[in-house]
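# Coordinates in review
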Amino acid sequence: MLPADWIEHRRPDDREPVGWLRPDGDDWVAVSLLGRALTGPVDWAAAEEALEETGLSWMADAWMLERDDDEPLRVRLVEVTPDRVVVQTDDFGAIDAPVERFELPWPAPDGLRPRRDGDPDGWVVLAG
């Protein structure tokens, strides 16, 4: 549940929400839509700037969902709200590809992370 003292921040040009400003003493912490801190305690202007620089482009990126019992899965964000985060296996842009969806809590768990070098890419060129 979204804390009552967090202040929603929207991009000035299109008013799209990009995160929140969370009070921390006399300072503020920029918090992404995933509920993760983007900055440590900074002044209001620096927190706003961090949210605007981060924007929403990261939502279109491939992510990895780490699982205790299996290999990490390459996933895409489907829904991000203060109620839940929904991801699905990457369909690589194919509208008819089978996908599996996972509902995660909000804030997003650490097991949902950006892709890193060496992560499985989902493509199998040669098996054998």
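Let me sum up the structure you'll find in this document. (Residues numbered from 1 in each chain as written. Predicted model: local features only at pLDDT ≥ 70, side-chain atom pairs only at ≥ 80, totals over all residues. Heavy atoms only, no water.)

Let us look at the sheet that holds strand β6 (residues 85-89). The sheet built from five strands is open, its strands ordered β7-β6-β5-β4-β8 with antiparallel pairing. At either margin of the open sheet sits one strand with a lone partner, and together these are β7 (101-104) and β8 (112-114). Direction aside, the axes of adjacent strands within the sheet are offset by 40° on average. For β6 and β7, the ladder comprises four bridges, and the chain directions are antiparallel. Counterpart to V87 in the pairing with β7 is F102. (Pairing = 2+ DSSP bridges. Helix = DSSP H or I, 4+ residues; strand = E, 2+ residues; numbered from the N terminus. Axes fitted to C-alpha atoms, helices over the stretch in contact; angles between N-to-C directions.)

So, on to the packing of aromatic side chains. A complete count under the given rule lists five aromatic pairs for this structure. The interplanar angle of 70° and the centroid separation of 5.6 Å between the aromatic rings of W20 and W106 together place this pair among those described as edge-to-face. Placement of the pair is W20 in strand β2 (residues 17-24) and W106 in the loop between β7 and β8, with a sequence separation of 86 residues. Here the two residues W20 and W106 agree in accessibility, since each one is buried. Ring geometry for W58 against W63: centres 6.0 Å apart, planes inclined by 75°, an arrangement best described as edge-to-face. Judged by relative accessible area, which is 5%, W63 ranks as buried. One aromatic cluster is present, built from ring pairs that chain together W6, W20 and W106. (Phe/Tyr/Trp six-rings, centres within 6.5 Å; stacked < 30°, edge-to-face > 60°. Buried < 20%, exposed > 50% of the residue type's maximum accessible area, 1.4 Å probe, protein only.)

Omega for the peptide link from W106 to P107 comes to 0°, which places this bond in the cis form. Take P107: it is sitting in the loop between β7 and β8. Backbone geometry places R15, a non-glycine residue, at a positive phi of 65°. When you line up the elements, R15 lands in the loop between β1 (7-10) and β2. Phi at F92 is positive, roughly 55°, even though this residue is not glycine. Among the structural elements, F92 can be located in the loop between β6 and β7.

No statement about biological role is implied by the geometric values presented.
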